Amino acid sequence: MKNPFITLENTKGVLVSINVTKIISVEKQRFSNNQDAFCTYLILDGGGGAYVATHHFKLQYEEVMEIINNWYRGEHHNE
């Protein structure tokens, strides 16, 4: 079985392991303190239907989507 975890750096500089199969939504957002800078906001299924986890990541939306798409195509590289 393929490892479903990818590692991304959040906006606080902390590495976070994310289960790709639990991602519900991916959104490009502007930083509140810098309208010229963007981050990527992920919503994850936390299990049980009621719990949801959210994270902001430094990688741009397009980069996160490429990592997710590569994982589903079988080209997963845990970066």
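Below you will find a few notes about this structure. (Residues numbered from 1 in each chain as written. Predicted model: local features only at pLDDT ≥ 70, side-chain atom pairs only at ≥ 80, totals over all residues. Heavy atoms only, no water.)

## Topic: the pairing of strand E3 (residues 23–31)
Where E3 lies against strand E4 (residues 34–45), eight bridges are found, and the strand directions are antiparallel. Each bridged residue has a counterpart across the sheet, and for Gln29 the counterpart in E4 is Cys39. The turn joining E3 and E4, which pair antiparallel and follow one another in sequence, is formed by two residues. (Pairing = 2+ DSSP bridges. Helix = DSSP H or I, 4+ residues; strand = E, 2+ residues; numbered from the N terminus.)

## A short note on the packing of aromatic side chains
Following the criterion strictly, the structure yields one aromatic pair and no others. Arranged with centres 4.8 Å apart and planes meeting at 85 degrees, the rings of Trp71 and Tyr72 form a pair that is edge-to-face. Note that Lys2 overlies the ring of Trp71, its terminal NZ or CZ placed 4.0 Å from the centroid. Taking the ring centre of Phe38 as reference, the NZ or CZ of Lys28 above it sits at 4.6 Å. (Phe/Tyr/Trp six-rings, centres within 6.5 Å; stacked < 30°, edge-to-face > 60°. Lys NZ or Arg CZ within 6 Å of the ring centre and 35° of its normal.)

## Some thoughts on the pattern of salt bridges
With the rule as written, the count across this model stands at two salt bridges. Put simply, Glu9 and Lys58 hold a salt bridge, and the shortest N to O gap is 3.1 Å. Of this pair, Glu9 sits in strand E1 (residues 5–9) while Lys58 is found in the loop between strand E5 (52–57) and helix H1 (61–72), placing the two residues 49 residues apart along the sequence. Judged by relative accessible area, Lys58 falls into the partly exposed class, the value being 40%. A salt bridge links Glu62 to Lys28, with the shortest nitrogen-to-oxygen separation between them at 3.8 Å. (Salt bridge = Lys/Arg side-chain N within 4 Å of Asp/Glu carboxyl O. Buried < 20%, exposed > 50% of the residue type's maximum accessible area, 1.4 Å probe, protein only.)

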